[in-house]
Amino acid sequence: VIPTRDRRQRVVELVRRLDRQRLEPTEIVVVVDGDVDGTAAALSSLDLSTVVRPVVHEVNQGAAIARNTGAGAATGDVLLFLDDDVSPRDDALTTAHVTAHRSRQSAAAVAGACLPAAAHDERPLTLAARNWWVDHVGRLTTAGALAFTDLNTGNFSIERPVFAASGGFRRMPRREDWEFSYRIQRSGVDLVAAPSAAIVHPTDHDVRNMLRDRMDEGAGDYVFAEAHPDIAHVLPLWAWFWLDNRMKALISGIFLAPGAGERALRPLTSAVVALNASGARRLLARHVDKAYGVAYFTGIAKAATSEARFLETLSRSPAWRSSGDVPAVPYELDAATWDAPDPASVALDLTIEGRQITTVSSRMGGFPWSAEAFGRRLGAVPRKTMADHIAGAGR
Amino acid sequence: VNGPRVLDVDLRDEASPVPAAFDDVVALLWWGHRVLGEVTLTSECGDWAHVRAGLLSEWRPVLDALALVPVHSGEPHVRSADVTVVVTRTRPGDLAACLEVLARLDPAPAEVIVVDSDPTTRVASEAVGGRDVRVVRAPTGGVSAARNAGWRAARTPVVAFTDDDARPHRNWVGALADGFGDAAVVCVTGLVLAAELVTPAQRLFEASARVRRDFSPRLFASPAPGADTSRLGVGVNAAFRRDALERIGGFDVCLGAGSATKGAEDLDAFLRVMSLGGVLAYRPDAVVRHIHPRDLPSLLQRYSANGTAYSALLRKHRLSGGAAVVAARDERLRWHRDRHLRGLLGAVRRRDPRRVIELIAELTGSSRGAAALATEQAGSAR
């Protein structure tokens, strides 16, 4: 199932590549989410051995709804969701997904690896984006049980009846993948990694799009927290607590006038674009986190409509309670793999060979439960931000 | 994890009530049912036995004094079974949590009445669920109308009021009932503390409230507004004799949250029951924890609303005729001079921008008090 919009050439190329898979798909359902460039006609004219079924949304409804439409139209036993701008690394993508499902007794969602394509330039943000994908793949290849944040709708598969029973994706500005993943995990579906089921993901980017995505992630995280307040404390929006009072005051202003937040982003964006082009990493690092923060909380402000409502949502997390009545969950560090702990846990008692080291608050964020994440929790490694990615971009 | 934790700590307990891993704890110290005071404990304070020994030594004179003052002196005038609790202002999440706390009150009240201020929704009935709680519908919006509907529905001689964003202490009803130890007492108020100190706004609010916090029981019999008025208590933690409310006609619907005047219906009711010759007893043992405004805009609105409400209250008493006229005028002068003028100058001198913002917001709000009261009174007359 491939949702697409305004990417005729890329999606046609992807469909051709899928047709050449060793294990031929039952069908390829392409949901054209508003046909603005003749994608449906281009797909219909393809002469392939695999059945290609374009489904057209007259009006753009977003990728989440497009995936639901595609899943509803599909007939195969296993649904493989792919983004329209990816490319299978080899001809074994479908085989790897199906094998992962067949090797399991219980219902599972299989997260394939999204490898970053070769960087098309050496600019800090390009390399930072590539590093993010490298971290993501590293996580899939080294972890035990995955966290809900590990599922990427760009490359994952699930049995069709399991998907139907889940109710599909929610209509959200973004983060529908995390929300879906969390929901199915809660219902008992395992999330498993299949690193050999690999696609190549482009690393090209546009700063304005990145910041717009960040805004949508803020809005999406808020909607997620509203739906599942019990784990609001592991979402990036919980970072509100770690901001200093000056930044909190700025965010109060954004809540009062989200439009002003968007306007404030324009000069910040221009500065980031210029600094990225010039390669001035230090200055860029200083500006990019600020721009990301403003974009993210502007998204939250637009979704929540008021700071009081935002905080009310956070207050429904068990981590908000100040009475300390939520016990910490033991977590052994000296283990073969680091499984993602229950996301509902508020605090973890970290142990090595059963000996307690320290108690830390649960926080998932982007790269959960890696050595680096534990290092951050133990205070040995500072929290990794976009600026850190930029600083390490060349490595 | 987020900001200091608030805890109730009974010094009689030898087992530590403080979590093993904690940052700061703002602890309300109890000795049984008696409140001693508030302390901030940090992780550097050491183990509980050490902390407890230090606190006991510090509070020894108070404990010795308390031993001389028995909680009960003879037959109580009011028992917990004579008290009905009225909960107002229904917000879905808060109401369910509040009712959960009320269900654990010990001693329990005769009845809990929830006043549903928005009967068009099912918020109240959903929050109530299967609990043994009576739901009463308020005819119009506003906390005064809701409280009036609540006490009129009550069948007991004493009615205690709280809001859904409040979390009364387990012994709240017992302490309020004890407050009516004399027939002259017509109203009992108590201590209001933060239920959480998670956000900067809540910590700011608590810091300004802490200055005026009183841990000593007091009696008031001052029917006219004055310097003591702000110390009388607040409506989120107050109990009245039902007949006193009947005599004053209940809360003034021109005042209170939900109206243009945004508050002071509680202070107005306190003053009016005292004007009938009654005594108001302030009992710090009657503790209610309150969820303070969480965000900065709401905090600023609260400061401004406080100014509007108190200004409207003074205006009302200024227009009332009688002895209160001069008292209200003098109190307004004192309020602006001591709190706003001197307070602002002091805050500027101390370079305390938070206090400056608080006082400016309050002062700005106070300029709207008279007009707000006139609007409400005109609406009420229609």
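The preceding data block contains the structure.
K.L.:
Which parts of the structure should I look at to understand the overall build of chain B?
P.N.:
When helices and strands are tallied, chain B shows 12 helices and 12 strands. The C-alpha radius of gyration computed for chain B amounts to 21 Å, which stays within 12% of the reference 21 Å derived for 382 residues, consistent with globular compactness. Principal-axis analysis of the C-alpha atoms gives chain B an extent of 65 × 55 × 45 Å. Each charge sign in chain B was given a centre, from 49 positive and 45 negative side chains, and these centres are 6 Å apart.

K.L.:
What should I look at first to understand the packing of helix α10 (residues 258-278) of chain A against helix α11 (residues 281-304) of chain A in this one?
P.N.:
Each pair of packed helices gets described by two things: the angle between the helix axes and the distance between those axes. All names here are of chain A. Two numbers describe how α10 lies on α11: the axes approach to 9 Å, and their chain directions differ by 155°. The orientation of α10 relative to α11 falls into the category roughly antiparallel. For the pair α10 and α11, the crossing hand works out as left-handed. Contact residues: α10 offers Pro258, Gly261, Glu262, Leu265, Leu268, Ala271, Val272, Leu275 and Asn276, while α11 offers Leu283, Leu284, His287, Val288, Lys290, Ala291, Val294, Ala295, Thr298, Ala301 and Lys302. When grouped by side-chain class, the residues that make up the contact of α10 with α11 number 13 nonpolar, four polar and three charged.

K.L.:
Would you explain the environment of B:Val279 in this entry?
P.N.:
By the secondary structure assignment, B:Val279 is in strand β12 (residues 279-290). It is 35 Å that separates the C-alpha atoms of B:Val279 and B:Val128, two residues lying 151 residues apart in sequence.

K.L.:
What exactly am I supposed to notice about unusual backbone geometry here?
P.N.:
One can expect most non-glycine residues to show negative phi and most peptide bonds to be in trans. Looking along the chain, the bond that leaves B:Asp106 and enters B:Pro107 is cis, with omega of 5°. The phi torsion at A:Asp6 lies on the positive side, around 55°, for a residue other than glycine. Tracing the backbone through its elements, the reader meets A:Asp6 in the loop between β1 (2-4) and α1 (8-19). The backbone of B:Arg351 sits at a positive phi, close to 55°, despite the residue not being glycine. For B:Arg351, the position within the fold is in the loop between α10 (324-349) and α11 (353-366). On the basis of relative accessible area, B:Arg351 is assigned to the exposed category, the value being 75%.

K.L.:
Where do I start with the interface of chain B and chain A in this structure?
P.N.:
The extent of an interface is frequently quoted as the accessible surface area lost upon association of the parts. Counting from both sides, the interface comprises 18 residues of chain B and, opposite them, 19 residues of chain A. With both chains or domains summed, chain B and chain A bury close to 1,500 Å², and 62% of this area falls on carbon and sulfur atoms. At the boundary of chain B and chain A, one finds zero salt bridges. Put simply, chain B and chain A have two residue pairs in polar contact (both at pLDDT 80 or more) between them. At the level of elements, β1 (5-10), α6 (200-211) and α9 (296-319) of chain B are the ones that each hand at least two residues to the side of chain B that touches chain A. When its residues are assigned to classes, the side of chain B that touches chain A shows nine nonpolar, four polar and five charged.

K.L.:
Which parts of the structure should I look at to understand the pattern of salt bridges?
P.N.:
When their charged atoms lie close together, side chains carrying opposite charge are able to pair. By the definition in use, this model includes 48 salt bridges over all chains. One network of salt bridges, with partners in common, ties together A:Arg174, A:Arg175, A:Arg212, A:Asp213, A:Arg214, A:Glu217 and A:Asp221.

K.L.:
What is the right way to read the sheet that holds strand β3 (residues 34-41) of chain B from this model?
P.N.:
In a beta sheet, neighbouring strands are held together by backbone hydrogen bonds and run either parallel or antiparallel to one another. Residues and elements named next belong to chain B. Taking strand neighbours across the sheet as the criterion, the three strands line up as β1-β2-β3 in an open arrangement whose pairing is mixed. Both outer strands of the open sheet, β1 and β3, are each paired with one neighbouring strand and no more. For this sheet, the mean inter-axis angle between neighbouring strands, taken without regard to orientation, is 20°. Of the strand pairs in this sheet, β1 and strand β2 (residues 25-31) are connected by six bridges, and their pairing is parallel.

K.L.:
What am I meant to see in the packing of aromatic side chains here?
P.N.:
Think of a pair of aromatic rings as described by two things: how far the centres are apart, and how the planes are tilted against each other in angle. Residues and elements named next belong to chain A. Enumeration over the complete set of coordinates arrives at 25 aromatic pairs over all chains. Consider the rings of Phe81 and Phe163, whose centres lie 5.3 Å apart with planes at 40°: the pair is tilted. Of this pair, Phe81 sits in strand β4 (residues 78-82) while Phe163 sits in helix α6 (residues 160-166), and the two are 82 residues apart along the sequence. For Phe81, a relative accessible area of 0% corresponds to the buried category. Its relative accessible area of 6% is what places Phe163 among the buried residues. Directly above the ring of Trp240 sits Lys248, whose terminal nitrogen or CZ lies 4.6 Å from the centroid.

Criteria and cut-off values
Residues numbered from 1 in each chain as written. Chains lettered and ligands numbered in written order. Predicted model: local features only at pLDDT ≥ 70, side-chain atom pairs only at ≥ 80, totals over all residues. Heavy atoms only, no water. Helix = DSSP H or I, 4+ residues; strand = E, 2+ residues; numbered from the N terminus. Rg over C-alpha atoms; globule rule 2.2 N^0.38 Å. Lys, Arg positive; Asp, Glu negative; His and termini not counted. Charge placed at Lys NZ, Arg CZ, Asp CG, Glu CD. Axes fitted to C-alpha atoms, helices over the stretch in contact; angles between N-to-C directions. Parallel < 35°, antiparallel > 145°, perpendicular 65-115°, else oblique. Left-handed = near helix turned anticlockwise from the far one by under 90°. Contact = heavy atoms within 4.5 Å. Nonpolar A, V, L, I, M, F, W, Y, C, P; charged D, E, K, R; others polar. Buried < 20%, exposed > 50% of the residue type's maximum accessible area, 1.4 Å probe, protein only. Buried area = accessible area lost by both parts, 1.4 Å probe. Salt bridge = Lys/Arg side-chain N within 4 Å of Asp/Glu carboxyl O. Polar contact = N/O pair within 3.5 Å; in protein donor to acceptor, adjacent residues only side chain to side chain. Pairing = 2+ DSSP bridges. Phe/Tyr/Trp six-rings, centres within 6.5 Å; stacked < 30°, edge-to-face > 60°. Lys NZ or Arg CZ within 6 Å of the ring centre and 35° of its normal.

Purely geometric numbers; function is a separate question.
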